Amino acid sequence: MAENNDLRETSTELVVNRPPQPPGPALGPYFQFITTDLENMLWVGSVLIFRHVSYTQPSMQFNAKVKVTDDWETLYENLFDMRAYRINLNIELRRGSSDEKIEWTIDWGDNITNGMFYIAQYDQKWRGAFFSCNGFDATVSKELASGLTYNAVWNHLLSVHEKNPFHLLVWGGDQSYIDFILEDVPFLETWTHMEWNKKWKCEFTEEAKQEIEQYYFNNYAEHWERRPEMKKALGSVPSIMMWDDHDIFDGAGSYPPLLRNSPVMMGLFEIAQKMRLLFQHHTTPRKARHHRLFGYQGYNFFARCGPNLVFLGTDGRSERDDQTVTHEHTWNMIFNKLDNELQDVQHLIVLLAVPFIFARFKMAESFLETWKKLTMKWHNIPLGEQTNSVFGLPELYDDLLDEWTHEAHLEERNRVLSRLQELAEKKRTRITFFSGDVHCCGVGRFRTRDNVPPRINDTKLMYQIISSAIVNRPPPRIVIRAAHLFGTKWYPIASTEEALIDFFDQAPEYGAKLFLRKLLPNRNWVHFEQCETMDSTPRDTVGQNNFLDCYFWSIIDFILLSIGLGFIVRWKNERSTSAVTSRRQNKSMSSSHSNSQSTQEVNNLKVQFWLENTEKKRGGTPFSNYDLFIPDLK
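Under an unreviewed UniProt entry, the name given to the protein is PhoD-like phosphatase domain-containing protein, and the source organism is Rotaria sordida.

## Points about helix H10 (residues 328–341)
Taking 1.5 Å of rise per residue, 14 residues should cover 20 Å, and H10 covers 20 Å from first to last C-alpha, within 8% of that figure. Three or more residues of H10 are buried, namely Thr330, Trp331, Ile334, Phe335 and Leu338. Around the axis of H10, the buried residues are gathered within 130° of arc, so they sit on the same side. Where H10 is buried, its residues contact strand E13 (301–305), strand E14 (309–314), strand E15 (347–352) and helix H14 (410–427).

## Thoughts on the nonpolar core
Formed by 126 residues in total, the largest nonpolar core has its most connected members in Phe50, Leu157, Ile212, Leu278, Phe311, Trp525 and Phe609. Element by element, the count of residues in this core is highest for helix H9 (residues 263–281), at nine residues. Look past the residues within four positions of Ile212 in its chain and what remains in contact with it is Ile181, Val185, Phe187, Leu188, Phe204, Leu268 and Ile271. In this structure, Leu348, Val350, Leu417 and Ile480 belong to the second largest nonpolar core, which totals 40 residues.

## A look at the pattern of salt bridges
A side chain of one charge can pair with a side chain of the opposite charge if their charged atoms are brought near each other. Scanning all chains against the criterion turns up 37 salt bridges. Between Asp315 and Arg276 there is a salt bridge, with the nearest N and O atoms lying 3.2 Å from each other. Placement of Asp315 in the loop between E14 and H10 and of Arg276 in helix H9 is noted, with a sequence separation of 39 residues between them. Relative accessible area serves as the criterion here: at 2%, Asp315 is assigned to the buried category. Across the pair Glu497 and Lys489 runs a salt bridge whose closest N-O atoms are separated by 4.0 Å. You can call Glu497 buried: its relative accessible area is 7%. One network of salt bridges, in which partners are shared, links Asp244, Asp245, Arg317 and Asp402.

## Some thoughts on the pairing of E13
For E13, a buried count of five out of five residues is recorded, marking the element as mostly surrounded by other parts of the structure. When E13 meets E14, the two strands line up antiparallel, connected through five bridges. In the sheet register, Cys305 faces E14, and the bridge partner there is Leu309. Hairpin remark: E13 followed by E14, antiparallel, with three residues in the connecting loop; positive phi at Gly306, about 70°.

## As for the packing of aromatic side chains
All told, the structure shown has 37 aromatic pairs when counted by the stated rule. Ring-pair connections join several aromatic residues into one group, and the members of that group are Tyr30, Phe50, Phe80, Phe131, Trp154, Trp171, Phe217, Tyr220, Trp224 and Phe279. A cation sits over an aromatic face here: Arg51 above Tyr55, 3.7 Å from the ring centre. The side chain of Lys199 reaches across the aromatic face of Trp191, ending 5.9 Å from its centre.

## A look at the sheet that holds strand E8 (residues 99–107)
The strand order across the open sheet formed by three strands is E5-E8-E9, and the pairing between neighbours is antiparallel. Two strands in the sheet have a free side with no partner beyond their single neighbour: strand E5 (59–63) and strand E9 (112–120). Within the sheet, the average angular offset between the axes of one strand and its neighbour, ignoring direction, is 25°. Across five bridges, the pairing between E5 and E8 is antiparallel. Residue pairing for E8: Phe62 is matched across the bridge by Trp104.

## A short note on the side chain of His223
Turning to its location among the elements, His223 is positioned in helix H6 (residues 206–226). For His223, a relative accessible area of 10% translates into the label buried. The residues touching His223, leaving out its near neighbours within four places in the chain, are Val16, Tyr150 and Met230.

## Observations regarding the side chain of Asn522
Note on placement: Asn522 falls in the loop between strand E21 (519–520) and strand E22 (524–531). Within the structure, the side chain of Asn522 is placed 2.8 Å from the backbone oxygen of Glu612, a separation counted as a polar contact. Beyond its immediate chain neighbours, meaning those up to four positions away, Asn522 contacts Cys441, Ser468, Pro474, Arg477, Pro508, Glu509, Leu611, Glu612 and Thr614.

## Comments concerning the pairing of strand E17 (residues 441–448)
Burial runs high along E17: seven of the eight residues are buried. As paired elements, E17 and E21 share two bridges and run antiparallel to each other. What sits directly across from Gly442, in E21, is Leu519. As paired elements, E17 and strand E18 (residues 462–466) share five bridges and run antiparallel to each other. Its bridge partner being in E18, Gly442 is matched across the sheet by Ile466. Sheet analysis places E17 next to strand E20 (residues 496–500), joined by five bridges and oriented antiparallel.

## A few points about the environment of His246
With respect to the helices, strands and loops of the structure, His246 is situated in the loop between strand E12 (239–241) and helix H8 (257–260). With sequence-adjacent residues up to four places away left out, His246 is seen in contact with Asp137, Asp174, Ser176, Tyr177, Ile178 and Asp179. Of the polar contacts made by the side chain of His246, one reaches the side chain of Asp179; its length is 2.8 Å.

## Side note on the packing of H6 against helix H7 (residues 228–236)
For the pair H6 and H7, the least separation of the axes is 5 Å and the interaxial angle reads 80°. As far as their axial angle goes, H7 and H6 are roughly perpendicular. Between H6, through His223, Trp224, Glu225 and Arg226, and H7, the contact on the second element is made entirely by Pro228, Met230, Lys231 and Leu234. When grouped by side-chain class, the residues that make up the contact of H6 with H7 number four nonpolar, one polar and three charged.

Scoring rules and cut-offs
- Residues numbered from 1 in each chain as written.
- Predicted model: local features only at pLDDT ≥ 70, side-chain atom pairs only at ≥ 80, totals over all residues.
- Heavy atoms only, no water.
- Helix = DSSP H or I, 4+ residues; strand = E, 2+ residues; numbered from the N terminus.
- Expected span 1.5 Å × (residues − 1).
- Buried < 20%, exposed > 50% of the residue type's maximum accessible area, 1.4 Å probe, protein only.
- Arc of directions from axis to C-beta.
- Contact = heavy atoms within 4.5 Å.
- Core = buried A, V, L, I, M, F, W, Y, C linked by side-chain atoms within 4.5 Å.
- Salt bridge = Lys/Arg side-chain N within 4 Å of Asp/Glu carboxyl O.
- Pairing = 2+ DSSP bridges.
- Phe/Tyr/Trp six-rings, centres within 6.5 Å; stacked < 30°, edge-to-face > 60°.
- Lys NZ or Arg CZ within 6 Å of the ring centre and 35° of its normal.
- Axes fitted to C-alpha atoms, helices over the stretch in contact; angles between N-to-C directions.
- Polar contact = N/O pair within 3.5 Å; in protein donor to acceptor, adjacent residues only side chain to side chain.
- Parallel < 35°, antiparallel > 145°, perpendicular 65-115°, else oblique.
- Nonpolar A, V, L, I, M, F, W, Y, C, P; charged D, E, K, R; others polar.

Structure, rendered in structure tokens:
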């Protein structure tokens, strides 16, 4: 292993070890939500705990006003001297519109730990948090990571949970960054510097496999157990998760067959899959189908959150290659399940690690594709060592090919989009996408092209929520500005408009007016909840009718900030914001009153972005929120 390299949290003196260290004698508990069984009125979930093999099995007790039944199974008898237990939970789902508090206590034999989590009653409106990119990649120096800190955004999320407990945490990918393994494990460090042809034929030895598997295991334990904000979240809110490339290695799947099918890359993927299934889904490759994960070769999930909301988790890595994101067989399985099980559901949230809607970079795609072909043919081209990744291809090649909006994947995406539109029409279900990956935040939208019907009646209306990253470094602002200069509106299939919308009217820093409003490079997370209220002036109309006014005030704010008068900008925009908020609240109350006259229950979706102020030390609120209301489909 490489020398120890500590990343320290400035606020808690937390040490995140590199390379990751073996865990202590106990890990967990980590709670998972699976589904609600409405026929048998049950909340279904599981708990994952580990105990050193030298100890006897711990015991776990639950205290609640409802019946809680648990069933233990051993996932691994001895995995790096730890025994892995899955505790299957069935909790009585009562009628009502309140929260059920579930208290837990674990007797480990030599100590006792306890805590609690909350579940929604049958008629309760669900609320939770969504986020992605929970770590730093290999391009982030330890000094920069120490300045950003792991826990700054997490602590804000947990403070909101403390006031009004979440029912669910939705992890959108890159839960556990594994990037440093290529430097920390001697076998892989040597492998990355091998001659081109030798590298892709190199055998994946059993000794290397054991060392690498232990690194993956220790990396999960290092972050999930030693980072207090993560341990608290995993032990107090049930989670659902969908992985992405950094849970495997950077760009996993988005490489040519020579690389992707090489013994070492296939070996890395197999180990990452095993650890992903264990930590993120509380299962094993052999038991995964029994534990409700489905797919052709990958692992997808269908999670029903009470009678009106469903999460569909789509695995975009297990079957990925340079031409395909998800196998057609899996898409058929997904749509068969939706057709059979999506009954009387008002909202379907599709969890895609990579956004379905995002900026296009066609010129960069073409250039990098040419550069890749030259590298594949000539191997050691000029400037290659300076511009290529450790896998020998252009550094940004896999980043762009990862995207659903890359030319290689658009046809597959559009086929899926067409099938989702048919599903929405048939089931009268609103569909929304939750995604991360891109280290910025924004909102995309599909809707009917021309003759646009009211939002509540448009079956083609689908919002793309992009929330990334909760920890990782945002991209430079110049990159985000450049993304605004490319096209941001498209017409992908018949009668359909696709767009990145003007969503952010003010910057989190000082509340300054923004001219470029589609994407922001601030660390962030999203709060979501079902609700009856509806904003009758939707935020996706921001800037449509007052372009010159927006442009004028964005210039004024820029000048004031440039000459050190940020306090004036903050004062001016706080007054403006409070007036807008008051008008919106009045409209929402009016909308809520009209909804109450309807005989059908209303379950609109409120999505609230929370963005970190990148200049907190200069004043202003540490976090700013931006709300989007997504209506039911009538």
